[in-house]
Amino acid sequence: MPSTSEPAFQRQTWTPDELRAALVANEDEPPGRARSVRAEALLAAADKLGDPETQICALHTVIEAYERGGESFRSPVLFSRLLRLWDRHGKTLRDASRLEYETHWVFKWMTADLLSVPEVPLATVHGFVGEMERRYRLAGYGMRAVHAQRFRIAQHLGDVAEAETHFGRWLAAERDQMSDCRACEHLAQGTWRAERGDDLAALRLWRPTVDNEMSCLDEPASTLAASLKPLLRLGRYDEARANHLRGYRLLQGHVELRSAFGRHIEFCVLSGNDERALEILTENRRLFDPPYEPSDYLEFLSCAALLLRTLVAAEQHVPVAGPEGRDWPVAELLGRVQSEIDDLTHRFDTRNGNNAVSSRIAATINQTPLVAELPLVVAPRPAASPRQESAPTPALPIQREPVPEPPSEPSDPDADIDFDDLLAEARRLFDVAHPAAIRMWERVAAVASRRGIALDLEAQAQLAEERAADALDCEDMERAVRLLGEAVERYEEGGMQGRAVAVRARGLLAEALREKTYEPIPEHALIELYATARVLLSRGRAAPEDVLTVRRAQAFEARRATEVGSYPDPYSDRESAFDAFAESVEALLADAIEFDVPARAAAAHTMRAEIAQRRGRPEESVPELLAAIALYDRAERPWANLHPNMLLAQAYLAADRDADAERAGLAALDIAGRWPEQRFPAGYTRQVLANATGGLGRYDDSAEHALEAVAWADRHGVPDLAASARHSLAFAYEQLGRDADAAAILESALPEIVEHLDDPTVVNARWALARCLGRLEDYRGAAEQYLLAASIAEHFPQQGGHAMLAASAGHALRAAGLAEEARRAFDRAVILLRALPDPINLAKTLRALAWVTFGESEETAHDSEREDVLDQVLLLFAEAAQVLESAERSGAHERDAQVIAYEMAETDDQLARLHLNADLSDKAMPYAERAASGFRALLPHSAMDYDFSEQMVAWLLDRYGSRDAAVERLREAIAACTEAGVEAVRCVAFLEQLSD
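Residues numbered from 1 in each chain as written. Predicted model: local features only at pLDDT ≥ 70, side-chain atom pairs only at ≥ 80, totals over all residues. Heavy atoms only, no water.

### Comments concerning the overall build of the chain
Then, in step 1: Along the backbone of the chain there are 44 helices and two strands.
Then, in step 2: Expressed as lengths along the three principal axes of its C-alpha atoms, the size of the chain is roughly 115 × 85 × 60 Å.
Then, in step 3: In the chain, which comprises 996 residues, the proportion classed as buried is 51%.
Then, in step 4: Sequence separation of 24 or more characterises 64% of the internal contacts of the chain that already satisfy a separation of 6 or more.
Then, in step 5: Carbon together with sulfur atoms contributes 51% to the accessible area of the chain, which is approximately 45,700 Å² in total.
Then, in step 6: With 110 positive and 165 negative side-chain charges, the chain shows a separation of 3 Å between the mean positions of the two kinds. (Helix = DSSP H or I, 4+ residues; strand = E, 2+ residues; numbered from the N terminus. Buried < 20%, exposed > 50% of the residue type's maximum accessible area, 1.4 Å probe, protein only. Contact = heavy atoms within 4.5 Å. Areas by Shrake-Rupley, 256 points an atom, 1.4 Å probe, with all protein chains shown as cover. Lys, Arg positive; Asp, Glu negative; His and termini not counted. Charge placed at Lys NZ, Arg CZ, Asp CG, Glu CD.)

As structure tokens, this is what we get:
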């Protein structure tokens, strides 16, 4: 006897039945070298056994393992042996019909396998297809699969005319048992259409597969990958993004689909997502490892080379995941990959007698991006250097227009402009803090330089101020401090003391912001500057704006103390810091009112709103922001309303005023578009808009805004916003029924969501992912996410969410076939729900626990044990009924009265079905009748349930009562449904059956 620790496939003795059972079991194993090794060992055992039928079955198992594990190049030799065995013993086999079908089916695989190995002569490939045709005719199969193989040979050889001939014959031939599945046929046909330049025809062919109307082991993963470049070429970016998200997720674990992985890498490069392409390569470095089918490997290598070539051209020197399980310098890996490509293409071209393969591969490698940047929202990108952006960059096709040569001698674009007029306009923009002031001042400086005009001291100071403001926007504090110092010097030199004091206050702030650790500005410094500004004002040497500039600097310094985060707080606590901030804002507002400067008063109202929002009272900020907007309008500074509208959108969203939040957010976007020079953190407003439009049920709009928020946050290195926006995007996709897209986003974003967002948001994200995975029939994955979310929610003060997560985990585990784990999850949920005022969900969960418990009776060996299990189940159902009846009597759940009535009928209906399943049909009638009565009272909303329950009552009457009573019952049910305006489909069908 073999050792108990010895693997089953290494047993020394087998019976034919044992070996066939082992072969079947191995076919359920995941593809890869381990499965192939087991199949090879089982084939050796079959050879030793000497039973032809078992040998043929074993050969099929090894060939299948090779095909699924990316080793199809090994199959032809085994297939030749299979044919010899079949010719010798085929007619004598017990399972001859099935094995004949499988043997002829594998012919198609072998043609592709032979063609994919460059050492196999073309004459051998053609001869094999000829043998395939001969055998198909003898077996009575059609020629559709033969024409398809001849088309593929011509396509591989680049013989367009021959390929079109066989393509037409393929389409004209009728489908039969040997035809590939429709999904695989459509993939190949669509690929040819796309190669010939008809992307629309290709996408029409692929649509049923993409929509899950057709599928197989490789589909829709392969078709989704093939669709990516055609969709990009047609500008259908949303579809391309969705197919990438969904398709890449489906590829996981399918190393044999190397070319499909390559297409996703290619797509990322062509859509401006090199970092995402690198991530795919890193996550799947084993694609470089043997064994591999040469043709498929070459397709993958060409896409990897496209990425590497792009990185080298961009002078990116990041380490790249490659073969041998290590990271490579990008240039070195490109050399290695290119060497492999050159070797393989040379071998194919030599065999084929032309350069069709090398030309096709070179075309892939030499592609340039089709889109400047298409946000994919899958993985966070490295933060770019801080820079000003007015709005997110949309996905736009790259323009390839020739760039005109600059003129040999630069002309003066302002030759006809009067310099004094230009300077006057620059000063006007300076006085109203116009966003375009910096451009105008740079224009003034350029014109002055070209014409040899010396700027006066005031103009020099104003130019330095504007440049300092630009440096502050770009967070270049060193430059800002230097420029503000220059402005102070010019103002003082020109005798403009008031403005010098004002700019000195701004300089103190810039110096403080330049430091890496928080240090407050000495309190007396700003106080003294304010006193000086007041004195100068009284003497006519300063303007009110100078005084207000110092006041605003005091307010900014007070606000800075509330934002120090981990730095030492100069105040005793956070609230005292806010109190000081509020006092400084009140002082600013008082001075603005005194001098009647509406723009400064607007700034003070905006700061008041900030304080309210940061203190958690967003509703108090609304009137302040409305006042600020009105004051900026009065001051004729509409561009300044950007920030108030951003804050107003946030306040309205927090108050669940979604429509108002959307209006304010769109107003902010409009202002940013009209005056793009302003610094605009567009991602935050887009996120508000995503949530607002989602709250209004407009999920397409919500997804668009969330997508823009993600792109902005990734570009600017704001990981918490990126995580939040990805969460919003996934939620929108889920509501739109795009579960695969939502799941792909959440799976990728969860590490960032866990790191940067709070526990309730993490729970919501895992909950959403679990729902999506459940609908995608990944029940184990769904259960894992439910349980992970529950482990967080168990620490929340309110345990309703914890209970529902436990119950949902139970349903997912039950669907995954993990009955014991499901029972434990339902147990946990029931314990939690018993302590909550939630009778409806408690009843539902008690019933679920009852059913999973009832399933245990199928595994018990003795009738007494089955009776004990049934008693437990009935007690759980009794508790569910009692919970619902108590809720109905209490009157505490009046709003849920209809739902409770429905659940009571549902409990009776399930009790009836329980008795039927337990072979106790004679005891099911009372429950079935009560269920029917309960569902009838809820018509028309319960039409389907009522139809089912009345059919069950009629079936029981027919079995245990009389057929006439059953017929009468059905007629009454049909009449009740007709009166309620619904159909009784099952009752009508059963009545027809009984009448026959």
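Picking up after the structure, the text goes on.
### What about the nonpolar core?
Then, in step 1: Counting 72 residues, the largest nonpolar core has Leu729, Ile753 and Leu914 as the members making the most contacts within it.
Then, in step 2: The greatest single-element share of this core, amounting to ten residues, is contributed by helix α38 (residues 839–854).
Then, in step 3: Beyond its immediate chain neighbours, meaning those up to four positions away, Leu729 contacts Val377, Ala703, Ala706, Leu707 and Ile745.
Then, in step 4: In this structure, Leu187, Trp206, Leu232 and Val337 belong to the second largest nonpolar core, which totals 57 residues. (Core = buried A, V, L, I, M, F, W, Y, C linked by side-chain atoms within 4.5 Å.)

### A word on empty space enclosed by the protein
Then, in step 1: Applying the stated criterion across every chain, the model contains two cavities of 30 Å³ or more.
Then, in step 2: Forming the boundary of the second largest cavity are Lys108, Arg144, Ala145, Ala148, Gln149, Trp170, Ser179, Asp180 and Glu185.
Then, in step 3: Grouping the constituent residues of the lining of the second largest cavity by class yields three nonpolar, two polar and four charged. (1 Å grid on protein atoms, 1.4 Å probe; cavity = no way out; pocket = protein on both sides within 12 Å on 5 of 7 lines; lining within 4 Å. Points joined across faces, edges and corners; volume = space filled by probe spheres on them. Nonpolar A, V, L, I, M, F, W, Y, C, P; charged D, E, K, R; others polar.)

### Side note on unusual backbone geometry
Then, in step 1: That bond from Glu219 to Pro220 is cis: its omega, 15 degrees, falls within 30 degrees of zero.
Then, in step 2: Residue position: Pro220 is located in the loop between α10 (199–210) and α11 (221–233).
Then, in step 3: Residues Leu939 and Pro940 are joined by a peptide bond in cis, for which omega reads 10 degrees.
Then, in step 4: Of note in this structure, Glu475 is not a glycine but carries a positive phi near 60 degrees.
Then, in step 5: The residue Glu475 is located in the loop between α20 (457–473) and α21 (477–493) in this model.
Then, in step 6: Phi angles above zero are rare outside glycine, and Asp919 is one such case at about 60 degrees.

### Overview of the packing of aromatic side chains
Then, in step 1: Counted by the stated rule, this structure contains 21 aromatic pairs.
Then, in step 2: Summarising the aromatic geometry, the rings of Phe79 and Phe107 are spaced 5.0 Å apart at their centres and angled 85 degrees between planes, so their arrangement reads as edge-to-face. You can see Phe79 sitting in helix α4 (residues 75–89) and its partner Phe107 sitting in helix α5 (residues 96–115), a full 28 residues away along the chain.
Then, in step 3: The exposure class of Phe79 is buried, given its relative accessible area of 0%.
Then, in step 4: Geometrically, the ring pair formed by Tyr902 and Phe935 is tilted, given 5.5 Å between the ring centres and 55 degrees between the ring planes. (Phe/Tyr/Trp six-rings, centres within 6.5 Å; stacked < 30°, edge-to-face > 60°.)

### Some words on helix α44 (residues 985–995)
Then, in step 1: All of the buried residues in α44 are Cys987, Phe990, Leu991 and Leu994. For α44, the angular spread of the buried residues around the axis is 105 degrees, confining them to a single face. Those residues of α44 that are exposed and aimed more than 90 degrees away from the buried face are Val985 and Gln993.
Then, in step 2: Looking at the buried side of α44, the elements it contacts are α42 (943–960) and α43 (963–980). (Arc of directions from axis to C-beta.)

### Some thoughts on the pattern of salt bridges
Then, in step 1: Per the stated rule, a full pass over the model turns up 81 salt bridges.
Then, in step 2: Residue Arg336 is joined to Glu340 by a salt bridge in which the shortest nitrogen-to-oxygen separation is 3.5 Å. Here the residue Arg336 and the residue Glu340 both occupy positions in helix α16 (residues 330–352), the gap between them amounting to four residues, near one helical turn.
Then, in step 3: On the basis of relative accessible area, Glu340 is assigned to the buried category, the value being 16%. (Salt bridge = Lys/Arg side-chain N within 4 Å of Asp/Glu carboxyl O.)

### Here's the deal with the packing of helix α1 (residues 16–27) against helix α3 (residues 52–68)
Then, in step 1: At a minimum axis distance of 10 Å, the contact between α1 and α3 shows a crossing angle of 10 degrees. Looking at the two axes, α1 sits roughly parallel to α3. Along this stretch, α1 crosses α3, giving a crossing that reads as left-handed. Here Pro16, Leu19, Arg20, Leu23, Asn26 and Glu27 of α1 come into contact with α3, specifically with Glu53, Thr54, Cys57, Ala58 and Thr61.
Then, in step 2: Here the residues of the contact of α1 with α3 are counted per class, giving five nonpolar, three polar and three charged. (Axes fitted to C-alpha atoms, helices over the stretch in contact; angles between N-to-C directions. Parallel < 35°, antiparallel > 145°, perpendicular 65-115°, else oblique. Left-handed = near helix turned anticlockwise from the far one by under 90°.)

### So, the packing of helix α15 (residues 294–313) against helix α17 (residues 356–365)
Then, in step 1: In contact at an axis separation of 8 Å, α15 and α17 are set at 35 degrees when each is read in the N-to-C sense. Between α15 and α17 the crossing geometry is right-handed. Facing α15, whose interface residues are Leu298, Glu299, Ser302, Cys303, Ala305, Leu306 and Arg309, α17 presents Val357, Arg360, Ile361, Thr364 and Ile365.

### Comments concerning the side chain of Gln910
Then, in step 1: Tracing the backbone shows Gln910 in helix α40 (residues 897–917).
Then, in step 2: Those residues in contact with Gln910 that lie beyond four places of it in its chain are Arg847, Trp851 and Phe877.

### Some points on the state of the cysteines
Then, in step 1: Scanning all chains against the criterion turns up zero disulfides.
Then, in step 2: With no disulfide partner, Cys184 has as its closest neighbouring cysteine sulfur the one in Cys181, 3.4 Å distant. (Disulfide = S-S within 2.5 Å.)

### Some remarks on the side chain of Thr345
Then, in step 1: Relative to the helices and strands, Thr345 is located in helix α16.
Then, in step 2: Judged by its relative accessible area of 8%, Thr345 is buried.
Then, in step 3: Apart from the residues within four sequence positions on either side, Thr345 is in contact with Leu298, Val357, Ser358 and Ile361.

### Section: the confidence of the model for the chain
Then, in step 1: On average, the chain scores 90 in pLDDT, and the residues at 70 or more come to 93%.
Then, in step 2: At the low end of the mean pLDDT range in the chain sits α4, at 83; at the high end sits α17, at 97.
Then, in step 3: Scored below 50 in pLDDT, residues 399–409 shows three contacts in the model against residues more than four places distant or in partner chains.
Then, in step 4: In the model, residues 565–572 has pLDDT below 50 throughout and makes 15 contacts with residues more than four positions away in sequence or in other chains. (pLDDT = per-residue confidence, 0-100.)

### A closer look at a negative patch on the surface
Then, in step 1: There is a patch of like negative charges on the surface, built from Glu865, Glu867, Asp868 and Asp871.
Then, in step 2: Overall, Asp871 belongs to the partly exposed group, its relative accessible area being 45%. (Patch = residues over 30% accessible without salt bridge, like charges linked within 9 Å, V, L, I, M, F, W, Y side chains within 5 Å.)

### Remarks on the environment of Leu875
Then, in step 1: Note on placement: Leu875 falls in helix α39 (residues 863–890).
Then, in step 2: C-alpha of Leu875 to C-alpha of Leu846: the two residues are 29 residues apart in sequence and 9.6 Å apart in space.

### Looking at the environment of Glu489
Then, in step 1: Position of Glu489 among the secondary structure elements: in helix α21.
Then, in step 2: We classify Glu489 as partly exposed; its relative accessible area is 45%.
Then, in step 3: C-alpha of Glu489 to C-alpha of Asp633: the two residues are 144 residues apart in sequence and 34 Å apart in space.
Then, in step 4: Polar contacts involving the side chain of Glu489 include one to the side chain of Arg490, which spans 3.4 Å. (Polar contact = N/O pair within 3.5 Å; in protein donor to acceptor, adjacent residues only side chain to side chain.)

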